[in-house]
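What follows is the residue order along each chain.
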Amino acid sequence: MTTIKPFGISKRMVLDAYRHVKANRGAEGIDEVSLKMFDADLSRNLYQLWNRMASGSYFPPPVMQVEIPKKQGGVRLLGVPTVSDRIAQAVVKARIESELEPLFHPDSYGYRPNKSAVDAVAITRERCWKFKWLVEFDIRRAFDELDWDLMLKAVRKHVKDRWALLYIERWLKAPFVTQEGVVLPRSKGTPQGGVISCVLMNLFMHYAFDRWMQKEHGYCPFARYADDAVVHCRSEAQAKFMLAAIEQRLKVCKLEMHPEKSGVVYCKSRGRNQDYSRIQFTFLGFTFRPRSATNRAGQLYTSFRPAVSQGAIKEMLGKMRSWELHRKTSASLHELAERYNPVLRGWLNYYGSFYKSAMSRVLDHFDQRLVRWARRKYRKLERHQMRGYDWLARTMGRQPRLFDHWLIFKSHVVRTMGAV
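Remember, it's a predicted structure, so these values are computed and weren't measured experimentally.

**Some details on a positive patch on the surface**
Together, Lys153, Lys157, Lys160, Arg211 and Lys215 make up a region of like positive charge exposed at the surface. Of all elements in the fold, only helix 7 (148-158) and helix 9 (197-216) reach the threshold of two or more residues within the positive patch. Note that lysine 160 resides in the loop between helix 7 and helix 8 (162-173). For lysine 160, a relative accessible area of 61% gives the class exposed.

This is the structure we're talking about:
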């Protein structure tokens, strides 16, 4: 006898959600069940989740709160749901995303299908060439401060499935649990790190900012990625007006503009020689500022362009130091390439999208660490630094495809030491 469930959630929806979560990996939540452990009894776990969701008896467990240090100091609070809860959220996300996507503004780039941070940086670069002035702003603790009443008003307007509404409300109200085991009730916000949170953030900001901008200030184009955005203006007066207007709009929506990460910027470049206190800004890991460029005739000129930010460089160098590559002498060079190429490739594909040469400092640092590794691994190189650079040059010559960046960058450390 077939039992009819009150909610139309199919087993295939749960299976597809599981595949999405597995592809994105992620840490375990408060139940300490990893993806590997979940997979050990996959059929039973998925059936149990489907049964509870389809019957309306699924209640999300508390979300583990993790503190992530910020580059500028302080911490960012991330919420880590359990594996099964991430799957449940992915079921709802898949159901409502297709309905919400046509609603969203084309210049909203965060967490959306077929849109990326690189797209946001690219359109911002083009508009900086057309508009002299810009407003940059960031929202303080945006995910943590989203007002539930305003959020649910938007959700109820667009989400028609009763079960999706039910579970969104339950996820909003699920408490945090600190790593020390302290339960923290919540009265606002959506945990940054939750699968459903990115869609809820976009829906909230659609009404808080995107739609308001389109309706009230359509003459100023913008690009927004979650809680980070820029607005282009034609004059200093217009930019100052927009900065104040945006700050007031955010207050109406119970959000606060971050004063240290917000302000008016002059996009100084060729033909734009006005003095101004702020001629650069950082957006999505790229710093936009006046930079040297070459035209088709080979002449140098100044252009307002993005390149990897110093903060991003510092973070990548710190990541490399944590690898302690020089201590991995039991590994072969090919094993090192297999281990670190995916990370280097990801960095290069993203931060090398604009003004690629700015990435040379990061990639040269990796090559220096390779030399240090070789001098510890091979006794004949141990006491001779120059031989280490000779070894790197010869290896690059024999195997130029071994590390992805070798095809693009001829190592500065090798050139400096005169090895090639």
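There's plenty left to go through after this.
**Section: the confidence of the model for the protein chain**
Across the protein chain, the average pLDDT comes to 91, with 96% of residues at or above 70. No element of the protein chain has a lower mean pLDDT than helix 15 (residues 412-416), at 55, and none a higher one than strand 6 (residues 222-225), at 98.

**Some thoughts on the side chain of arginine 369**
You can see arginine 369 is positioned in helix 13 (residues 360-377). No salt bridge is formed by the buried arginine 369; its nearest oppositely charged neighbour, glutamate 324, is found at 8.0 Å. There is a polar contact of 3.0 Å between the side chain of arginine 369 and the side chain of histidine 365.

**Observations regarding the pattern of salt bridges**
Under the criterion given, the structure shown has 21 salt bridges. With a shortest N-O distance of 3.5 Å, arginine 141 and aspartate 144 are connected by a salt bridge. When its relative accessible area of 15% is taken as the criterion, aspartate 144 is described as buried. Among the ionic pairs, aspartate 147 bridges to lysine 254, the shortest N-O distance being 3.4 Å. Pair noted here: aspartate 147 is in the loop between helix 6 (142-145) and helix 7 and lysine 254 is in the loop between helix 10 (236-252) and strand 8 (263-266), with a separation of 107 residues, a long-range link. Judged by its relative accessible area of 13%, aspartate 147 is buried.

**Re empty space enclosed by the protein**
Throughout the structure, instances matching the rule amount to 2 cavities of 30 Å³ or more. The space that makes up the largest cavity amounts to roughly 70 Å³. For the largest cavity, the full set of lining residues is Val63, Pro81, Asp85, Gln89, Trp171, Leu172, Thr190, Pro191, Gly194, Ile196 and Ser197. Quantified by volume, the second largest cavity comes out at close to 30 Å³. Contributing to the lining of the second largest cavity are Glu97, Glu101, Phe104, Tyr111, Arg112, Cys198, Val199 and Asn202. At 3 residues, the largest contribution of residues to the lining of the second largest cavity is made by helix 9. Residues that form the lining of the second largest cavity fall into these classes: 4 nonpolar, 1 polar and 3 charged.

What counts, and at which threshold
Residues numbered from 1 in each chain as written. Predicted model: local features only at pLDDT ≥ 70, side-chain atom pairs only at ≥ 80, totals over all residues. Heavy atoms only, no water. Patch = residues over 30% accessible without salt bridge, like charges linked within 9 Å, V, L, I, M, F, W, Y side chains within 5 Å. Areas by Shrake-Rupley, 256 points an atom, 1.4 Å probe, with all protein chains shown as cover. Salt bridge = Lys/Arg side-chain N within 4 Å of Asp/Glu carboxyl O. Lys, Arg positive; Asp, Glu negative; His and termini not counted. Charge placed at Lys NZ, Arg CZ, Asp CG, Glu CD. Helix = DSSP H or I, 4+ residues; strand = E, 2+ residues; numbered from the N terminus. Buried < 20%, exposed > 50% of the residue type's maximum accessible area, 1.4 Å probe, protein only. pLDDT = per-residue confidence, 0-100. Polar contact = N/O pair within 3.5 Å; in protein donor to acceptor, adjacent residues only side chain to side chain. 1 Å grid on protein atoms, 1.4 Å probe; cavity = no way out; pocket = protein on both sides within 12 Å on 5 of 7 lines; lining within 4 Å. Points joined across faces, edges and corners; volume = space filled by probe spheres on them. Nonpolar A, V, L, I, M, F, W, Y, C, P; charged D, E, K, R; others polar.

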